[in-house]
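Chain and residue survey
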Amino acid sequence: MTQPCCALKIGDLNAVCSFGPLANAWYGYNRVGADDSANVSPRSEVTVDSSRRRSSMDEELLPFPQTRAPCFPKRLQTDPCGASVSGRFKREPALVSGFLTSFCEMVWPKLSGAVQKLMDERVQEALKVAILKLPESMRGEVHYNISFGDSAPIIKDVYSWRKHPCVKDGIEVCGKMHWDAKVDMQLAIGPLNFGIDRILIDGVGCIIFRPLMDQAPILGGFHLFYCSPPKLRVGLTGLGGITRWAAVDDKVSEIMAEAFKMVMVLPQRMTQRFANTKIEDMPDFRCPPPVGVLQVKVLGARNLPGVDLGFGGRTSDPYCTVTVGGRTLRTSSCSRTLKPDWSQDPALVFLVYHERQDLKLQIFDENVLRQDIQLAELPRRIRSVADLAAKCGEARWLELATNDSGHGGNGEAEGSAIHLCAIFCDLAPDQSVGKAPQTSGTYVLALKLFHLRKVAPGDALGTKIRLRMGDLEIVSRPCKAIDPGNVHGFGKRMSTQISQLLQKGVDVTTVAEAFHLDPEVVEEVHRVQAKEHSWFGWDEAHYQLLPTDDMVQLEVQLGSSSNSSWSTTSSWLPLFFEAQHLDQVLQRCREAKSGHLQLQFPYGAEKGLVGVSLELFCGDGALLPV
């Protein structure tokens, strides 16, 4: 019986993939057997002698060795987040890493331009936020120029290769990513002018290929992100001897690390649509929903170090903090005790975008007139959400690594431990159409923002949307120009062809019919080529735990650029005449033909339009009790 298969040739790389129960893969770079595969480096240079090539594909292409088990962490094969490794992907890790690294190197010349554009859009905002953390004497305007070299990321170790748990049409590869990028980056921060010629990044990252399509180019786009803040080092130039000062290096590294975290560390990610791929739900593509919700119930601790002097000896005023994905929550403080009781505090709830996100649990001594002192933390063997959820599905005591500042030493104090319970709940779209959410479940609200219509460019640029539900407030990023190719699924080459035809005098209607587009799309393409955008929007999504208040109000604040023509740019204009019940808004969104609502707001003598959608995701478990 024959099996379906496909052949792929990219440069010197030949590959054959067969499907079905006997799924296998062969590659044609070099001959590596199972005995010597361990000596192959993921970064090794591969050469093929053309004189030794054989005409027969079957002789030239060799299978991946299948004699060894993959070096995936054992704890992830049974963790509650479902990061198990399917048997069909059990390949030699070194060869899988080498193949992916070589693939990245081949496509990087095409992707580097897109990466530079994406980084250019996001780094400006991130740097401005990071600069605010500098001393006032060093603050000033930020000027920069970014140019990434031809150094592609290297996948050193592959931890898992699977169908993405929350994306129906996506494949995820997770592993240790190393990026030694030679860059040409000039920064002017206040009075300082310097350059960065190298950025070295190491951390656990993921590449997700989505959507997967049933026609060319098969891969519709990709996501690239780090699960947690990676180790980052920068090489400075332009300051002479001052670049060797550790204080300057540390401060610049801190700024760049903060900016990088706002660009490529979950929940942020870098996304790119491949040309000729039409994506119907761009907010979902750029900002996918979380995979689940982690609930941490901290019950208490015992035998903590004492750092305050009291009449009965040393004591502390401890409180506990838990950090997941850049968000930190804390318990209440307990006064003068080494055995705090937090059993009456509510559970700490986090949105989880990947089970490998770092988790930090720390206990501090609270002080009024001085900085809080760290007393203890979870040991390094418990680093991720998956680690904690696997160990603490039921309440249990965990040993703590202590920092006893009173004795000036670090280590594990005998008997120092924390009592807690951690529950992970998978998320799925809520199917209860027209019904209010049940109070016993775990619910996450999604706010999707699409496009802004019928507003002058000067007023549209920088426009923000705000959602209010009781104490919950979500504010969008500033509105920006939208590429018509992203909306209608075509790339830069087609945009250039359209613009050239229009410049030669071809009628707009004729060009539109030739490319199967609406005339207004063709006109916008021509305006974009002339850098005169008239389409604006957000194409982003925000996710928050559902609050108890079910009354929804949406508002818009128009941009405040120098050429703005609208007099009320600083005020919030309502998109609903009055607050509406959440279940009514959800029902309207589900019934909308375009998949989202087109909400009007007063704009001069006309009405502006905002594309908005609300969705609800439900967890498979209830919140932990207080």
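Residues numbered from 1 in each chain as written. Predicted model: local features only at pLDDT ≥ 70, side-chain atom pairs only at ≥ 80, totals over all residues. Heavy atoms only, no water.

The next thing to look at is the pattern of salt bridges. Per the stated rule, a full pass over the model turns up 12 salt bridges. Between Lys448 and Glu615 there is a salt bridge, with the nearest N and O atoms lying 2.9 Å from each other. In this pair, Lys448 sits in strand S24 (residues 443–453) while Glu615 sits in strand S33 (residues 606–619), placing the two residues 167 residues apart along the sequence. Look at Lys448 and you get buried, because its relative accessible area is 3%. Under the relative-accessibility criterion, Glu615 is labelled partly exposed at 27%. Bridged by salt links that share partners, the residues Arg466, Arg468, Glu473 and Glu555 form one connected network. (Salt bridge = Lys/Arg side-chain N within 4 Å of Asp/Glu carboxyl O. Helix = DSSP H or I, 4+ residues; strand = E, 2+ residues; numbered from the N terminus. Buried < 20%, exposed > 50% of the residue type's maximum accessible area, 1.4 Å probe, protein only.)

This next bit is on the packing of helix H8 (residues 492–503) against helix H10 (residues 519–529). The N-to-C vectors of H8 and H10 enclose an angle of 95°; their axes lie 9 Å apart at closest approach. If you check the angle between H8 and H10, you find them roughly perpendicular. Here Ser495, Thr496, Ile498, Ser499, Leu502 and Gln503 of H8 come into contact with H10, specifically with Val522, Val525, His526 and Gln529. A class-by-class count of the residues in the contact of H8 with H10 yields four nonpolar, six polar and no charged. (Axes fitted to C-alpha atoms, helices over the stretch in contact; angles between N-to-C directions. Parallel < 35°, antiparallel > 145°, perpendicular 65-115°, else oblique. Contact = heavy atoms within 4.5 Å. Nonpolar A, V, L, I, M, F, W, Y, C, P; charged D, E, K, R; others polar.)

Right, let's get into the packing of aromatic side chains. The tally for this structure, following the rule as stated, stands at three aromatic pairs. Above the face of the Trp397 ring, Arg302 is positioned so that its terminal group lies 4.1 Å from the ring centre. The side chain of Arg453 reaches across the aromatic face of Trp535, ending 5.1 Å from its centre. (Phe/Tyr/Trp six-rings, centres within 6.5 Å; stacked < 30°, edge-to-face > 60°. Lys NZ or Arg CZ within 6 Å of the ring centre and 35° of its normal.)

Taking 1.5 Å per residue, 12 residues should reach 16 Å; H8 reaches 16 Å between its end C-alpha atoms and fits that length. Listed as buried for H8 are Met494, Ser495, Ile498, Ser499 and Leu502. Axial view of H8: buried residues confined to an arc of 135°, hence all on one face. For H8, the exposed residues lying more than 90 degrees away from the buried face are Lys492, Arg493 and Gln503. Against helix H9 (508–515) and H10 lie the buried residues of H8. (Expected span 1.5 Å × (residues − 1). Arc of directions from axis to C-beta.)

Of the residues in the protein, 68% reach a pLDDT of 70 or more, and the chain-wide mean stands at 75. Scored below 50 in pLDDT, residues 1–5 shows nine contacts in the model against residues more than four places distant or in partner chains. (pLDDT = per-residue confidence, 0-100.)

Formed by 35 residues in total, the largest nonpolar core has its most connected members in Leu467, Leu554, Phe601 and Leu614. Taken together, the elements giving at least two residues each to this core come down to S24, strand S25 (464–469), strand S26 (472–475), strand S28 (536–545), strand S29 (551–557), helix H11 (582–591), strand S32 (597–603) and S33. It is S24 that contributes the most residues to this core, five residues altogether. Residues within four places of Leu614 in sequence aside, it is in contact with Ala446, Leu447, Leu467, Val552, Leu582, Val585, Leu586 and Cys589. The next biggest cluster of nonpolar side chains, apart from the first, holds 34 residues, and it includes Val307, Leu361, Ile363 and Cys392. (Core = buried A, V, L, I, M, F, W, Y, C linked by side-chain atoms within 4.5 Å.)

A separate point is the state of the cysteines. Here a disulfide denotes a covalent bond joining the sulfur atom of one cysteine to the sulfur atom of another. Evaluated as defined, the whole model comprises zero disulfides. With no disulfide partner, Cys392 has as its closest neighbouring cysteine sulfur the one in Cys421, 7.4 Å distant. For the unlinked cysteine Cys618, the closest cysteine sulfur is that of Cys425, found at 9.2 Å. (Disulfide = S-S within 2.5 Å.)

Judged by side-chain charge, Lys231, Arg233, Arg380 and Arg383 come together as a positively charged surface patch. Mapping Lys231 onto the fold places it in strand S10 (residues 231–237). (Patch = residues over 30% accessible without salt bridge, like charges linked within 9 Å, V, L, I, M, F, W, Y side chains within 5 Å. Areas by Shrake-Rupley, 256 points an atom, 1.4 Å probe, with all protein chains shown as cover. Lys, Arg positive; Asp, Glu negative; His and termini not counted. Charge placed at Lys NZ, Arg CZ, Asp CG, Glu CD.)

Looking at H10, one finds that the buried residues are Val521, Val522, Glu524, Val525 and Val528. Each buried residue of H10 lies within a common arc of 160° when the element is viewed along its axis, so the set occupies one face. The inward-facing, buried residues of H10 contact helix H7 (484–488), H8 and H9. Once H10 ends, the next one or two residues include Lys531, with phi positive near 60°.

Right, let's talk about the environment of Asn367 for a bit. Looking at the secondary structure, you find Asn367 in the loop between strand S18 (359–365) and strand S19 (373–377). Given the relative accessible area of 16%, Asn367 is considered buried. Each C-alpha atom, one on Asn367 and one on Asp308, is 9.6 Å from the other, the two residues being 59 residues apart in sequence. The contacts of Asn367, once residues within four sequence positions are left out, are Asp308, Asp372 and Ile373. A distance of 3.4 Å separates the side chain of Asn367 from the backbone oxygen of Gln371, its partner in a polar contact. (Polar contact = N/O pair within 3.5 Å; in protein donor to acceptor, adjacent residues only side chain to side chain.)

As for its placement among the helices and strands, Ser316 is situated in the loop between strand S14 (313–315) and strand S15 (318–324). From its side chain, Ser316 meets the backbone nitrogen of Val307 in a polar contact 3.2 Å long.

As defined by bridge partners, strand S12 (residues 292–302) adjoins strand S23 (residues 417–429) across 10 bridges and the pair is classed as antiparallel. Considered in S23, the bridge of Lys297 is made with Cys421. Note that strand S20 (residues 396–399) and S23 share four bridges and pair antiparallel. Residue pairing across strands places Arg396 opposite Leu420, the latter belonging to S23. Strand direction decides the pairing type here: S23 and S33, joined by three bridges, are antiparallel. (Pairing = 2+ DSSP bridges.)

Turning to its location among the elements, Lys261 is positioned in helix H3 (residues 246–264). Accessibility expressed as a relative area gives 31% for Lys261, which makes it partly exposed. Counting along the chain gives 35 residues from Lys261 to Tyr226, while the straight-line C-alpha distance between them is 8.7 Å. For Lys261, the contacting residues outside a window of four places in its chain are Pro229 and Gln268.

Looking now at the packing of H8 against H9. At a minimum axis distance of 10 Å, the contact between H8 and H9 shows a crossing angle of 150°. As summarised for this structure, H8 and H9 are arranged roughly antiparallel, according to the angle between their axes. Crossing handedness for the pair H8 and H9: right-handed. Along its contact with H8, which presents Met494, Gln497, Ile498, Leu501 and Leu502, the element H9 presents Val508, Val511 and Phe515. Looking at side-chain class alone, the contact of H8 with H9 contains seven nonpolar, one polar and no charged residues. (Left-handed = near helix turned anticlockwise from the far one by under 90°.)

So, about the environment of Ile465. Of note, Ile465 is situated in strand S25. Separated by 89 residues in the primary sequence, Ile465 and Leu554 place their C-alpha atoms 7.2 Å from one another. Excluding anything up to four places from it in sequence, Ile465 contacts Leu449, Ile474, Val475, Ser476, Trp538, Leu554, Glu555, Val556, Trp572, Leu575 and Val610.

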